[in-house]
Amino acid sequence: MLIRRENPGDAEAVRAVVAAAFAPYEAARNSGHPGGLPMEVTLLDALRTDSGWLPELSLVAPATAPTMSTASPGGIAGHVVCTRAHVGSVPVLGLGPLSVHPDHQRRGIGSALVHAALGAAEALGAPLVGLVGSPAYYSRFGFEPAEAYGVTAPDPAWGEFFQVRVFERPVPPPRGPFVYAKPFSTIDGG
């Protein structure tokens, strides 16, 4: 499966994939976001204009010919992004949103995107990556409860859903409060 960096011409297709992937959740949240778009689309739009945006960590999975469908906008099946975050004063990464178009789910695309993002993050020297997500899903990628490493979630209510993947380095991972790129604190469910 091919995973590549997002190209400038992919932005609208990525936006459409994120919208399709999160539409069922938006319907359940009934948050009334502008245009009925899931908040993850609004978040992605805001991240693209933020200083925390790292274009080299915005990755796409192109839809391949056998799995391509008319519903895959621009031939993109999935997308993941890591943005600049901090633990205390130490630069780290925040992973998400991770999106796979509904027509391409359950085919390993999400896993391939996460593996590629983590490989790139480690190669770039990030000490850790944080995210909010299902422990049952993300533990397979080495994510563990952030508390185990002395990293505190931006919102204590996230509990076990706030996790970190720590990369082996000669120095211990940073400890302290995790702070996402600014759009994460300005875009909410309502």
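Our structure's up above, just so we're on the same page.
Throughout what follows, the structure given in this document is the object of discussion. (Residues numbered from 1 in each chain as written. Predicted model: local features only at pLDDT ≥ 70, side-chain atom pairs only at ≥ 80, totals over all residues. Heavy atoms only, no water.)

### Focus: the overall build of the chain
No. 1: If you tally the helices and strands in the chain, you get five helices and nine strands.
No. 2: Pairs at least 24 apart in sequence give 68% of the contacts found in the chain among residues at least 6 apart.
No. 3: Split by element, the accessible area of the chain, about 9,200 Å² in all, is 56% carbon and sulfur. (Helix = DSSP H or I, 4+ residues; strand = E, 2+ residues; numbered from the N terminus. Contact = heavy atoms within 4.5 Å. Areas by Shrake-Rupley, 256 points an atom, 1.4 Å probe, with all protein chains shown as cover.)

### Thoughts on the pairing of strand S3 (residues 76-87)
No. 1: Most of S3 is tucked away, with ten of its twelve residues classed as buried.
No. 2: Both strand S2 (residues 53-62) and S3 contribute to a ladder of six bridges, which runs antiparallel. Looking across to S3, one finds that Leu59 is bridged to Val80.
No. 3: Where S3 meets strand S4 (residues 90-100), nine bridges bridge the pair, whose relative direction is antiparallel. Across the sheet, the residue bridging to His86 is Pro91, located in S4.
No. 4: Here S3 hands over to S4 after two residues, with Gly88 in that stretch at a positive phi of 60°.
No. 5: Pairing between S3 and strand S9 (residues 176-179): two bridges, direction antiparallel. Its bridge partner lying in S9, Val87 is registered against Phe178. (Buried < 20%, exposed > 50% of the residue type's maximum accessible area, 1.4 Å probe, protein only. Pairing = 2+ DSSP bridges.)

### Digging into the pairing of strand S5 (residues 128-132)
No. 1: Along S5, four of the five residues are buried, which leaves the element largely enclosed by surrounding structure.
No. 2: Where S4 lies against S5, two bridges are found, and the strand directions are parallel. Bridge assignment links Gly94 to a residue of S5, and that residue is Gly130.

So far we have only geometry, and geometry alone does not tell us how the molecule works.
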